[in-house]
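Tertiary structure, described
Each chain, written out:
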Amino acid sequence: MDSLCRGVFAGNSRELSIRSCFPSLFQAEQTHRSVLLGLLLGAGRGPQVDSALIRRARAERWSQWSLRGGLETLPQALNTHLTSRGVRVLRGQPVCGLSLQAEGHWKVSLGDSSLEADHVVSAVPASVLSRLLPAQAAPLAHALSTIPAVSVAVVNLQYRGARLPVQGFGHLVPSSEDPGVLGIVYDSVAFPEQDGSPPGLRVTVMLGGSWLQTLEARGSVLSQELFRQQAQHAAATQLGLKEPPSHCLVHLHKNCIPQYTLGHWQKLEAATQFLASRRLPLTLAGASYEGVAVNDCIESGRQAAARVLGSEPNG
């Protein structure tokens, strides 16, 4: 569980809530008093969405998915689709504050300008939204401010003429073995089409956990060189990739993965009850609430849209 929590949440298994992080395991144990027995009997499975693509994925037993050109093409396609239908997309204009108007509309402050909205769907981190809310929503802001997040450094490495000693999705590293390295993903195994020309072996090293939290607390300089060295050392010692990589990309994502600590579900319940009791035209979506993975965020957006439109999420 230590490795799994680090791989999914980059977090500490002793602090995370199994009820919120792994609801199917929680429901299996609650229903059958055994995680394994509950999973075997199908406990914890929610309603299944259906489509031709989903049926194909099940038939072909997909374990991962990607897009030609990378996942960035998904938001690019969404932007093209929406703007062609008259939707206005604002870029480079961070929201500075939200205030409620007398007629029940939101005034969204954008620094030098503002706009009015009948309804706001917030997909920013919970802690960010807590700082934007007006005084009338202080209880909601407090609940959201207590949802923490951790930082993760992602290092992409490419090696010419190299081979992996094993095949698979990748591996996770328990904190007892390496407090800094969360795991390594074998990108070339899953999607060799993206290896470039001439092709090169690609792996992604994820760094974070308590090691990174300690560095941040000390005020240490979090340099790209530090993360590059750590990643190359991990690839060399754990996968035998001892030659220098031909390419290296380093990105530090600050406070990027929310932590569902003990009592997380109670925070969500308090937020939901406050929004309902005050009838605020605000819908919460994104990774801060019920899942941090890409698929979870897509589903969160779909359900948010359904709630705003008054339709059934699985309709």
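Computed from a prediction, not measured in an experiment: that's the story for all the values here.

**Description of the sheet that holds strand β5 (residues 149-159)**
With antiparallel pairing, the five strands of this open sheet are ordered in space as β6-β7-β8-β5-β9. Either end of the sheet is taken by a strand with one partner, and the two such strands are β6 (170-172) and β9 (247-258). Each neighbouring strand pair of the sheet contributes to a mean axis angle of 15°, computed without reference to strand direction. Pairing of β5 with β9, which is carried by nine bridges, proceeds in the antiparallel orientation. Paired with L157 across the bridge in β9 is C248.

**Comments concerning helix α13 (residues 294-309)**
Taking 1.5 Å of rise per residue, the 16 residues of α13 would be expected to cover 22 Å, and the 23 Å separating its terminal C-alpha atoms lies within 8% of that figure. Residues of α13 that are buried: S300, A304 and A306. For α13, the arc enclosing every buried residue in end-on projection is 165°, short of the 170-degree limit, so these residues lie on one face. Tucked inside the fold, the buried residues of α13 contact β4 (120-122) and β10 (282-284). Positive backbone phi, approximately 75°, marks G310, located one or two places after α13.

**Structural notes on the environment of H171**
Relative to the helices and strands, H171 resides in strand β6. Sequence separation between H171 and N255 is 84 residues; the distance between their C-alpha atoms is 23 Å. Once residues lying within four places of it in the same chain are set aside, the contact partners of H171 are G183, I184, Y186, Q238 and L239. Among the polar contacts listed, one links the side chain of H171 to the side chain of Y186, at a separation of 2.7 Å.

**Some thoughts on the packing of aromatic side chains**
On inspection of all chains with the given rule, the structure shows three aromatic pairs. Taken together, the ring pairs in this structure connect F9, F22 and Y260 into an aromatic cluster. Geometry around W265 places R19 over its ring, the cationic atom sitting 3.9 Å from the centre.

**A short note on the pattern of salt bridges**
A complete count under the given rule lists six salt bridges for this structure. In this structure, E225 and R228 form a salt bridge, with 2.2 Å as the shortest nitrogen-oxygen distance. Here E225 pairs with R228, and both are found in helix α11 (residues 224-239), just three residues apart, close to one helical turn.

Rules behind the numbers
Residues numbered from 1 in each chain as written. Predicted model: local features only at pLDDT ≥ 70, side-chain atom pairs only at ≥ 80, totals over all residues. Heavy atoms only, no water. Pairing = 2+ DSSP bridges. Helix = DSSP H or I, 4+ residues; strand = E, 2+ residues; numbered from the N terminus. Axes fitted to C-alpha atoms, helices over the stretch in contact; angles between N-to-C directions. Expected span 1.5 Å × (residues − 1). Buried < 20%, exposed > 50% of the residue type's maximum accessible area, 1.4 Å probe, protein only. Arc of directions from axis to C-beta. Contact = heavy atoms within 4.5 Å. Polar contact = N/O pair within 3.5 Å; in protein donor to acceptor, adjacent residues only side chain to side chain. Phe/Tyr/Trp six-rings, centres within 6.5 Å; stacked < 30°, edge-to-face > 60°. Lys NZ or Arg CZ within 6 Å of the ring centre and 35° of its normal. Salt bridge = Lys/Arg side-chain N within 4 Å of Asp/Glu carboxyl O.

These results come straight from atomic positions and should not be treated as a statement about function.
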